[in-house]
Amino acid sequence: MARLNGFTKQQLLDVYRIMLSARVLDKKILIMLKQNKGFFHMGCSGHEAAQAAAALTINGGRDWSYPYYRDGAYTLALGMTPRDHLLAFLGKAADPNSGGRQMPMHYGNKSLRIVSQSSATGTQYLQSVGCAMTRKLEKNKEVVYVSSGEGTTSQGDFHEALNWACIEKAPVIFHIQDNEYAISTHKSEQTAGSVYSLASGYENLSRYEVDGTNFFETNLAFKQAVERARRGKGPSIIISNVVRLLPHSSSDDQRKYRTPEDLEKDLQRDPILLFKNNCVNENIFTDNDIVKIEKQVNKKIDEDAIWAEDQDHPDVDTALNYVYSEENTGTETKLVNKSENIVMVDAINHALHEEMAKNEKMIIYGEDIADPKGGVFTATKGLSSAFGKERVFNSPLAESSIVGTAVGMAVAGYKPVIEIQFADYIWTAMMQIRNEVSVMRYRSNNDWICPLIIRVPVGGYIHGALCHSQSIDGYFMHMPGIYIAYPSNAKDAKGLLKMACRMNDPVIFMEHKGLYRQPYASTEEPNEDYLLPFGKANYVAQGEDLTIICWGAMVQKSIDAIQELGLGEDSVEVIDLRTLNPIDYETIEHSLSKTGKILVVYEDNLTNGPGSEICSVITDKYFDLLDGPVRRIASKDSPIPYNWFLEEKVLIQVEDIASAINDLLEY
Ligand SMILES: Cc1ncc(C[n+]2csc(CCOP(=O)(O)OP(=O)(O)O)c2C)c(N)n1
Ligand SMILES: [Mg+2]
């Protein structure tokens, strides 16, 4: 039987059919767009050969894929159908990527192990490495495909991912589809040299640069790279030089920034034409074969489009589904104390020990968290010794890497409990948290979940200056999809952290550095069965005249303020929220119905801080219960200085709280 480069005629006809389907889909969708049937498209025309060549080496459903928006032909070759693509274009309920929640071409397919992709270019890289690290842990020979265009390699996440993949010899295949343009920006303005040369310094990385319009050449590179990854030899990067035959997207017109000659040159490298001609010249395809396939593909896609238009839109009543899991945030178990007192950081450490012993899928990592140091605050001391360096390890010094890889582990069924060393440095991970962690469940219509925990030391009063004192609660309360715990004492910290380890949603766990070893934040240690649910506030003091709402380090400061004022036992009620998402408004309402006055105390700076929202909700919902103005008191709108007299001036102090209490009591 006729063969070409090891492929049978039938295999080559199948490849041709897939590439052609992708091309015809691009054309069909652009027509439908002009007919106002959908709103957005990003075509893969010109990239088809490279993508089909890659997909043939990946086993959909067994291997993992992190394709990017231009991977239309890749996803078709892996097993998605033209109907799937049309459903996505039309935002229909049956869209397998996201049920119409994301823009089209944001691929995701659980059964093919295509992990849900966002719009943020580059975030996929670190996730693919995290996913691959778990494959390695399981020694199962699965590989992970991840791709983007050449412009995206300017993102830091790309380089962080190469670094960590190479440290780990992770089984990842990085595919860079170089079409020379990132929207309108040519690669000469984008990349110092070439992506191939940029990637030259990473040990354990195998590099390929291929003509991505040549199916056979690209396929050979992928075969070698995938085989190498399966043998445990490490990651590869394949840069395939392709052409972009369409504008960047349906919102773009490339004639505005590319010359007619340049566009014409690309047409000469049309990968489908090249493939077809090659197969004809080698006497594999007959003219008849080609005409037959072209007819079939055109007919099928026309029919599929009619079918897709006929499918239902998502039910509008489902718009708020799957921001979180449908599970509740837990029920409190009986509190049985062990006898000894414990400081908060040790309570956290013990919670981690107990949960690691319970859940073999739990993994802990972060900067300097392994023994012998065991974390800069010793929260993770002893864990790597007890559970081994495969499950508890130091990460590179890169916060986006820590969160990004954890997303990849979580979608693969693991429970990463990661540490960001200081809240002040969480910002480089913000893209991963905002556009990946908090929305994974929602955007994939509940197919992919990301129940990781980010432990993060926060807060001031430790002479840590601008970059070791920040409160970050306000930023994260604004982010649907991620729960927030912020304990004020050892018992709560242990109960909440153990609960977080068993929840099926992402949690950001804020630990106040100033409380870690405070005698007043130490408590008797709850035994290992104790779990504290999220959204259940605690009455720290009972009173009739005024309610203080606080959390974290503000709990003791509020108590101190009451004592400083010499107020009687039953005057001021103090409520420790314990979690900032969800917030226990039921308890707030109950207290307010007694006292009629409310003061929200928070350490974050005043403007747009966490208390602003709480005050606003109280005014909206409980106006009838109010007997005075809703007040909030917080730190100044300023960076936090090092000099301790200056620091004292900026951060909220006991006297500030005392004077606010006085004002309100007199009102
Ligand atoms: C973080 C981020 N910044 C900007 C954008 C807007 N954007 C979308 S695609 C794109 C260009 C990407 O070019 P390249 O990586 O070369 O891929 P290509 O589209 O050429 O295949 C830009 C700037 C985005 N989606 N995400
Ligand atoms: Mg490009």
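Residues numbered from 1 in each chain as written. Chains lettered and ligands numbered in written order. Predicted model: local features only at pLDDT ≥ 70, side-chain atom pairs only at ≥ 80, totals over all residues.

1. Considering unusual backbone geometry
- In this chain, Asp371 is followed by Pro372 through a cis amide linkage whose omega measures 10°.
- Pro582 follows Asn581 through a cis peptide bond whose omega is 0°.
- Its identity as a non-glycine residue notwithstanding, Asn283 has a phi of 60°, on the positive side.
- Here Asn283 shows up in the loop between helix 10 (271–281) and helix 11 (287–309).
- With 10 C-beta atoms packed within 10 Å, Asn283 lands in the exposed category.
- Here Tyr322, not a glycine, exhibits a phi torsion of approximately 70°, which is positive. (Helix = DSSP H or I, 4+ residues; strand = E, 2+ residues; numbered from the N terminus. Buried ≥ 20, exposed ≤ 12 C-beta atoms within 10 Å, placed from the backbone.)

2. Quick notes on the nonpolar core
- Counting 198 residues, the largest nonpolar core has Met19 and Ala52 as its most contacted members.
- It is helix 1 (residues 9–34) that provides the largest number of residues to this core, a total of 9 residues. (Core = buried A, V, L, I, M, F, W, Y, C linked by C-beta atoms within 7 Å.)

3. Concerning the domain arrangement of the protein
- Split by domain assignment, the protein resolves into domain 1 (3–312), domain 2 (337–459 + 468–526) and domain 3 (538–666).
- The distance between the C-alpha centroids of domain 1 and domain 2 comes to 36 Å.
- Between domain 1 and domain 2, the contact holds 25 residues from the first and 25 residues from the second.
- Taken together, the elements giving at least two residues each to the side of domain 1 that touches domain 2 come down to helix 5 (123–138) and helix 6 (156–168).
- Partitioned by chemical class, the residues of the side of domain 1 that touches domain 2 number 8 nonpolar, 13 polar and 4 charged. (Domains from an automatic or database assignment. Contact = placed C-beta atoms within 7 Å. Nonpolar A, V, L, I, M, F, W, Y, C, P; charged D, E, K, R; others polar.)

4. Focus: the pairing of strand 14 (residues 453–458)
- Counting buried positions along strand 14 yields 6 of 6 residues, so the element is predominantly enclosed.
- Side chains Ile453, Arg455 and Pro457 of strand 14 all project onto a buried face; the interleaved residues Ile454, Val456 and Val458 project onto the opposite face, where all are buried too.
- As defined by bridge partners, strand 13 (residues 415–419) adjoins strand 14 across 3 bridges and the pair is classed as parallel. Following the sheet pairing, Ile418 is matched in strand 14 by Ile454.
- In the sheet, strand 14 pairs with strand 16 (residues 507–512) via 6 bridges, with the strands oriented parallel. Along strand 16, the bridge assignment pairs Arg455 with Phe509. (Pairing = 2+ DSSP bridges.)

5. Examining the sheet that holds strand 3 (residues 64–66)
- With parallel pairing, the 5 strands of this open sheet are ordered in space as 3-4-5-9-8. Strands at the two margins of the open sheet, each flanked by one partner only, are strand 3 and strand 8 (206–211). Each neighbouring strand pair of the sheet contributes to a mean axis angle of 15°, computed without reference to strand direction.
- Alignment of strand 5 (residues 172–178) against strand 9 (residues 236–241), held across 6 bridges, turns out to be parallel. The residue of strand 9 that forms the bridge with Ile176 is Ile239.
- Running over the sheet, helix 5 touches strand 3, strand 4 (144–149) and strand 5 and is turned about 170° from strand 4.
- Across the sheet, helix 8 (residues 215–230) touches strand 5, strand 8 and strand 9, and the angle it forms with strand 8 is around 165°. (Axes fitted to C-alpha atoms, helices over the stretch in contact; angles between N-to-C directions.)

6. A closer look at the packing of helix 4 (residues 82–89) against helix 11
- In contact at an axis separation of 9 Å, helix 4 and helix 11 are set at 45° when each is read in the N-to-C sense. Classified by the interaxial angle, the pair formed by helix 4 and helix 11 is oblique. Crossing angle aside, the handedness with which helix 4 passes helix 11 is right-handed. Seen from helix 4, the contacting residues are Pro82, Arg83, Leu86 and Leu87; seen from helix 11, they are Lys300, Ile301, Asp304, Ala305, Trp307 and Ala308. (Parallel < 35°, antiparallel > 145°, perpendicular 65-115°, else oblique. Left-handed = near helix turned anticlockwise from the far one by under 90°.)

7. Comments concerning the site of ligand 1
- By nearness alone, 15 residues border ligand 1, and Thr121, Gly149, Gly151, Thr152 and Ala182 come closest of all.
- Of all elements in the fold, only strand 4 and strand 6 (181–182) reach the threshold of two or more residues within the shell around ligand 1. (Near = placed C-beta within 6 Å.)

8. Examining the sheet that holds strand 15 (residues 483–485)
- Strands sit in the order 12-11-13-14-16-15-21 across an open sheet of 7 strands; the sheet is mixed. Bordering the open sheet on either side are strand 12 (392–394) and strand 21 (579–581), each of which pairs with just one other strand. The average undirected angle you get between the axes of adjacent strands in this sheet is 20°.
- Across 3 bridges, the pairing between strand 11 (residues 362–366) and strand 12 is parallel. From the neighbouring strand, Gly366 faces strand 12, where its bridge partner is Asn394.
- Contacts from helix 12 (residues 344–358) reach strand 11, strand 13 and strand 16, with the element oriented near 140° to strand 11.
- Against the sheet, helix 14 (residues 399–411) makes contact with strand 11, strand 13 and strand 14, and its axis sits at roughly 170° relative to strand 13, the strand it touches most.

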